[in-house]
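Residue-level structure breakdown
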Amino acid sequence: MDIRHRVGIVADPQRVYDALTTIDGLAAWWTTDTTGDPEDTIRFRFGEVGGFDMKVLEKSAPTRVEWEVVDGPAEWIGTTVGFELVTEDKWTIVRFIHAGWREPVEFMSHCSTKWATFLMSLKAYVETGTGAPHPQDVQISNWH
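These lines cover the structure that appears in this document, whether it is placed above or below. (Residues numbered from 1 in each chain as written. Predicted model: local features only at pLDDT ≥ 70, side-chain atom pairs only at ≥ 80, totals over all residues. Heavy atoms only, no water.)

Considering the sheet that holds strand E4 (residues 51-60)
- Spatially, the seven strands line up as an open sheet ordered E1-E7-E6-E5-E4-E3-E2, and their pairing is antiparallel. Single-partner strands in this sheet number two, and they are strand E1 (2-10) and strand E2 (33-36). Shown here is a sheet whose adjacent strand axes are inclined to one another by a mean of 25°, direction ignored.
- Both E2 and strand E3 (residues 41-45) contribute to a ladder of four bridges, which runs antiparallel. Bridging across to E3, Gly-36 finds its partner in Ile-42.
- Across the face of the sheet, helix H3 (residues 106-128) comes into contact with E1, strand E6 (80-88) and strand E7 (91-99) while running at roughly 15° to E1. (Pairing = 2+ DSSP bridges. Helix = DSSP H or I, 4+ residues; strand = E, 2+ residues; numbered from the N terminus. Axes fitted to C-alpha atoms, helices over the stretch in contact; angles between N-to-C directions. Contact = heavy atoms within 4.5 Å.)

Examining H3
- The terminal C-alpha atoms of H3 lie 33 Å apart, and with 23 residues this matches the ideal 33 Å at 1.5 Å per residue to within 8%.
- Along H3, the positions that sit buried rather than exposed are Phe-107, Met-108, His-110, Cys-111, Lys-114, Trp-115, Phe-118, Leu-119, Ser-121, Leu-122, Lys-123 and Val-126.
- Taken together, the buried residues of H3 touch E1, helix H1 (13-21), helix H2 (23-29), E6 and E7.
- Positive backbone phi, at 95°, marks Gly-129, one or two positions downstream of H3. (Expected span 1.5 Å × (residues − 1). Buried < 20%, exposed > 50% of the residue type's maximum accessible area, 1.4 Å probe, protein only.)

Examining the nonpolar core
- Within the largest apolar cluster, 36 residues are counted, with the highest numbers of intra-cluster contacts made by Trp-29, Trp-30, Phe-44, Met-54, Trp-67, Trp-76 and Phe-83.
- Considering each element in turn, this core owes the most residues, eight residues, to H3.
- When near neighbours in sequence (up to four residues on either side) are disregarded, Phe-83 contacts Leu-20, Trp-29, Thr-63, Arg-64, Val-65, Trp-67, Val-94, Arg-95, Phe-96 and Leu-119. (Core = buried A, V, L, I, M, F, W, Y, C linked by side-chain atoms within 4.5 Å.)

Topic: the packing of H1 against H3
- Across the interface, H1 lies against H3 with an axial gap of 10 Å and an inter-helix angle of 125°. The orientation of H1 relative to H3 falls into the category oblique. In this structure, the crossing between H1 and H3 has a hand that is right-handed. For the pair H1 and H3, contact is made by Arg-15, Val-16, Ala-19 and Leu-20 and by Leu-122, Tyr-125, Val-126 and Glu-127, respectively.
- Across the contact of H1 with H3, the residue classes tally to six nonpolar, no polar and two charged. (Parallel < 35°, antiparallel > 145°, perpendicular 65-115°, else oblique. Left-handed = near helix turned anticlockwise from the far one by under 90°. Nonpolar A, V, L, I, M, F, W, Y, C, P; charged D, E, K, R; others polar.)

Notes on the pattern of salt bridges
- One pass over the full model with this rule turns up 10 salt bridges.
- Among the ionic pairs, Arg-4 bridges to Asp-2, the shortest N-O distance being 3.5 Å.
- A relative accessible area of 60% places Arg-4 in the exposed class.
- By relative accessible area, Asp-2 is classed as partly exposed at 36%.
- Notably, a salt bridge pairs Glu-58 with Arg-64, separated by 3.4 Å at the nearest N-O pair.
- Shared partners join several salt bridges into a network, and the residues in it are Glu-58, Arg-64 and Glu-66. (Salt bridge = Lys/Arg side-chain N within 4 Å of Asp/Glu carboxyl O.)

Listed below in structure tokens is the structure:
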């Protein structure tokens, strides 16, 4: 089972790639509490809810980024998160996938919606310089 999204960003693919592969870039659109080594393992934290650690599997500038979840919620462990960047005219199309869910649990639905909001934050950050990372993100339920 996979979560998939597609979003177009009016920007050079290298700018999008940088937002996906640097600690400062990730902190500007996903969660301000982003630490670690962008060449090895990145830690993402979301306040009291906790967070997860991502092992960097692939960085192919400026077209592909892939991580494996190595610590976090049980449903996420062993899943992969990927971003494929494709240029179409003035757009960089981000093809997102969170792959390898074992079953379509309610948490998967929540995460799908949250990924969509964070991808819109990525779009805003790259296009305008201001994203909506946690804790400024859109709250969609009692799960953060």
